[in-house]
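# Reading the structure
As a plain string of letters, each chain reads:
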Amino acid sequence: MSVKKELLSKDNMAEWYQNVIAKANMAEHSPVKGCMTIKPYGYAIWEMIRNELDKLIKKHGAKNMSFPLFIPYSYLSREKDHVEGFSPEIAVVTHAGGKKLQEPLVVRPTSETIIHESMKRWIRSYKDLPLKLNQWCNVVRWEKHPRLFLRTSEFQWQEGHTAHATEQEARQEVAEMIEIYYNFMKDFLAIPTIKGQKSEKEKFAGAVDSYSVEGLMPDNKAVQMGTIHYLGLNFSRIADVKFVDEKGAENFVYMTSWGVSTRLIGALVMVHGDDKGLVLPPRLAPTQIVIIPIGNTLDFAQKLFNTLEQNGLRVELDARQDVRPGAKYFEHEMRGVPVRIEVGERELNNNQIMCANRVTGEKTTISLEGDYVQELKNLLQDIQNTLLQNATQKLKSSIIEAKDKEDFINKIKNQEGLVKACWCNEKECELSIKEHTGANTRNLPFDENEKELKDCNCIWCGKKAKKIAYFSKAY
Ligand SMILES: [Zn+2]
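This is a predicted model, so every value here is computed, not measured. (Residues numbered from 1 in each chain as written. Predicted model: local features only at pLDDT ≥ 70, side-chain atom pairs only at ≥ 80, totals over all residues. Heavy atoms only, no water.)

## Description of the overall build of the protein
Quick note on the threshold: A run of DSSP states H or I qualifies as a helix once it reaches four residues; a run of E qualifies as a strand once it reaches two. Both are numbered from the N-terminal end. Our radius of gyration is a C-alpha quantity, and the globule rule it is checked against amounts to 2.2 Å times the number of residues to the power 0.38. Two residues qualify as a contact provided that any one of their heavy atoms is within 4.5 Å of a heavy atom in the partner residue. What sets the accessible areas is the Shrake-Rupley method with a 1.4 Å probe; for residues, cover comes only from the shown protein chains. The charged-residue count follows a simple rule in which Lys and Arg add positive charge and Asp and Glu add negative charge, with His and chain termini not counted at all. The atom standing in for a charge is NZ when the residue is Lys, CZ when it is Arg, CG when it is Asp and CD when it is Glu.
A count of helical and extended segments in the protein gives 15 helices and 23 strands. Over its C-alpha atoms the protein spans a radius of gyration of 25 Å, differing by no more than 12% from the 23 Å that the globule rule assigns to 475 residues. Oriented by its inertia axes, the alpha-carbon framework of the protein measures out at about 80 × 55 × 50 Å. Of the contacts formed within the protein by residues at least 6 apart in sequence, a portion of 69% connects residues at least 24 apart. Surface summary for the protein: the accessible area is close to 21,800 Å², and the carbon and sulfur share equals 47%. In the protein, the 66 positive side-chain charges and the 64 negative ones have mean positions that sit 3 Å from each other.

## Some points on the coordination of the zinc ion
Basically, it comes down to this: Coordinating N, O and S atoms are those within 2.8 Å of the metal (3.2 Å for Na, K and Ca), and as water is not part of the atoms, a site may appear to have fewer donors than expected. Just to be clear on the cut-offs, tetrahedral is four donors with all angles between 85 and 135 degrees, square planar is four donors and octahedral six with opposite donors over 155 degrees apart and all others between 65 and 115, and anything else goes down as irregular. The buried label applies to any residue whose accessible area, calculated with a 1.4 Å probe on protein chains only, is under 20% of its type's maximum; exposed applies above 50%, and partly exposed to all values in between.
Bound to the zinc ion are the protein donor atoms C424 (SG), C429 (SG), C458 (SG) and C461 (SG), situated 2.3 Å from the metal. Coordination at the zinc ion is tetrahedral: its four donor atoms span angles of 103 to 118 degrees at the metal. Positions of the donor residues of the zinc ion, expressed as sequence spacing, correspond to C-x4-C-x28-C-x2-C. Separated by 37 residues along the polypeptide, C424 in the loop between β21 (418–423) and α14 (427–437) and C461 in the loop between α15 (446–450) and β23 (467–472) bring together distant segments of the chain. Overall, the relative accessible area of 1% leaves C424 in the buried class. Since its relative accessible area comes to 37%, C461 is described here as partly exposed.

## Brief notes about the pattern of salt bridges
Here is the rule: Salt bridges are defined as contacts in which a side-chain nitrogen from Lys or Arg sits within 4 Å of a carboxyl oxygen from Asp or Glu.
All told, the structure shown has 32 salt bridges when counted by the stated rule. Residue R171 pairs with D209 through a salt bridge whose shortest N-O separation is 2.8 Å. Of this pair, R171 sits in helix α6 (residues 167–187) while D209 sits in strand β10 (residues 209–216), and the two are 38 residues apart along the sequence. Close ionic contact of K466 with E426 constitutes a salt bridge, the shortest N to O distance being 3.9 Å.

## Notes on the packing of helix α2 (residues 40–60) against helix α8 (residues 263–272)
Our working rule: Here an axis means a line fitted to C-alpha atoms, over the contact stretch when the element is a helix, while the angle between two N-to-C directions is reported on a 0 to 180 degree scale. Oblique is the label for any angle not covered by the other classes, which are roughly parallel (under 35 degrees), roughly antiparallel (over 145) and roughly perpendicular (65 to 115). In this classification, Asp, Glu, Lys and Arg are treated as charged, Ala, Val, Leu, Ile, Met, Phe, Trp, Tyr, Cys and Pro as nonpolar, and every other residue, Gly included, as polar.
Packing of α2 against α8 brings their axes to within 10 Å, and their N-to-C directions diverge by 105 degrees. What the angle tells us is that α2 and α8 run roughly perpendicular. Residues G42, I45, W46 and I49 of α2 pack against L264, I265 and L268 of α8. Each residue belonging to the contact of α2 with α8 can be placed in one class, and the counts come to six nonpolar, one polar and no charged.

## What to know about the sheet that holds strand β9 (residues 194–197)
Where we set the bar: For two strands to be treated as a pair, DSSP must find no fewer than two bridges joining them.
Read from one edge to the other, the open sheet built from 11 strands follows the order β3-β7-β8-β14-β11-β10-β9-β22-β23-β21-β20, with strand pairing classed as mixed. The sheet is open, and its two edges are formed by β3 (63–64) and β20 (399–401), each paired on a single side. Where β9 lies against β10, four bridges are found, and the strand directions are antiparallel. Within β10, the residue paired with I194 across the bridge is E214. This element, α8, spans β10, β11 (222–232) and β14 (254–261) of the sheet and lies at about 145 degrees to β11. Along the sheet, helix α12 (residues 372–398) contacts β9, β10, β20 and β21; its crossing angle with β20, the most-contacted strand, is approximately 10 degrees.

## Brief notes about the nonpolar core
Here is the rule: Among the buried residues, those of types Ala, Val, Leu, Ile, Met, Phe, Trp, Tyr and Cys that are joined through side-chain atoms within 4.5 Å form a nonpolar core. Bear in mind that the domain bounds are from an automatic or database domain assignment.
Ranked by internal contacts, the top residues of the largest apolar core, which has 62 residues, are M26, F149 and L189. No other element matches α6, which puts nine residues into this core. A domain-level breakdown of this core finds at least three residues from each of domain 1 (13–272) and domain 2 (289–379). Filtering out sequence-adjacent residues up to four positions away, M26 remains in contact with I21, T37, I38, K39, Y41, G42, I45, F149, I265, V269 and L278.

## A closer look at the packing of helix α9 (residues 298–310) against α12
What counts is decided by this rule: Crossing handedness is defined as follows: a turn of the near helix away from the far one that is anticlockwise and smaller than a right angle gives a left-handed crossing, while the clockwise case is right-handed.
In contact at an axis separation of 11 Å, α9 and α12 are set at 70 degrees when each is read in the N-to-C sense. Taken as axis vectors, α9 and α12 run roughly perpendicular relative to one another. Taken as a pair, α9 and α12 cross one another with a handedness that is right-handed. Between α9, through L304, T307 and L308, and α12, the contact on the second element is made entirely by Y372, V373 and L376. Along the lines of polarity and charge, the residues of the contact of α9 with α12 split into five nonpolar, one polar and no charged.

## So, the pairing of β21
Sheet faces and side chains relate simply in a regular strand, where the side chains alternate between the two faces. As a reminder, the rule being used: Here a crossover is taken to be right-handed if, once the strands point away from the viewer, the path from the first strand over the helix to the second is traced clockwise.
Counted residue by residue, β21 has six buried out of six residues, so it is predominantly covered. Because side chains alternate across β21, one face comprises the buried residues L418, K420 and C422, and the other comprises V419, A421 and W423, equally buried. Examined bridge by bridge, β20 and β21 share three bridges and lie parallel to one another. Across the sheet, I399 pairs through a bridge with L418, a residue of β21. Taking the sense of rotation as the criterion, the β-α-β connection linking β20, helix α13 (residues 405–413) and β21 turns out right-handed. Here β21 runs beside β23; their pairing, made up of five bridges, is antiparallel. Paired with V419 across the bridge in β23 is F471.

Shown next as structure tokens:
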């Protein structure tokens, strides 16, 4: 397939985003409104994310499982906040097997309630704790304003669910998962995020405390990249999940849950992409290097391909005869392949290769007489580092402060940046901000709130401030 050259300007983010996803063959809208079909290239990116994060989750001590897609309606309604929070978004099955069901089934929007029902039977004593489970699956939350990857009625994700003997251990679990997500975004997606606590209005329905790692997109709208919830005893009391401690006393378990979804792909596209299309960080690129033979160099290119593949690089040989090299360059740039190797007769005669860097556009010649595999690995690492540096620079320069309420409104409305402000930490105040500006608190950042809060008043209502918060619109 060749892609026709067409101007793509990132200045119009919404249009650019749709074009890139379509032209890079990542996903499309499905016949069911709000749902998406993830195409092979989009799914390959998700598999990369999934495989890498799965290793970290397992190393952390959680085991993978598979729970059912359907949850009895009554389970969801046991926790008042939980059912209220999710009711507007749930899909319910009322008929199956040709009959009306006695009890309707909810297509899972998240699996706390059904997993806790199993935990109740699996946990007997302190010896069974901590219990850390994870599943990779699809969930359904009906979406009014769908956008591919960012917001869809059905999406892929992982959901971790843990049970602990003490509050301290559960809080420790939360702290560890925040770090795991934060580092994963930084080290693999090359996206710096902001760690912090979610406000009362923005927290997970049923949680005691919620936390997030937030990424900022080039148009200064945020994407919540991962969430981590401290559930306390809220769910264990309802599902009656208890354990017998060392002294023989029965206690409820303390719980957490945490997840990331396919929206990470939406963030990847927006943060790194450019006017030529997608740009993928080498650590997650399904194809890290594409080799394009020009003229009579196919045998030479094939040998090179074999060597690189044997050395663990994800490499592709584009030997199509009916597509001109220029069209191939354009297509692989659109797909965000980090390095393109061109081998023409000049390269063959000089025993060298020409490497083009997707991010900088620079071309370098590498001799095949030396340790060229290592040189290519270094080049990929350089690209990974450059993407993170660029994104970090952008995030730093986008955090701005508002002088007063008027200034705050303007900065939010014009999407000038992630607005840092003193805040009262009250739900009503946040509802009013949302109503008037369309923005929410993204989170109450840890680094800012660890410092002593200087005497200041809430940017919105003028009451004495209790926290520093980041505000912006969000995807
Ligand atoms: Zn306020």
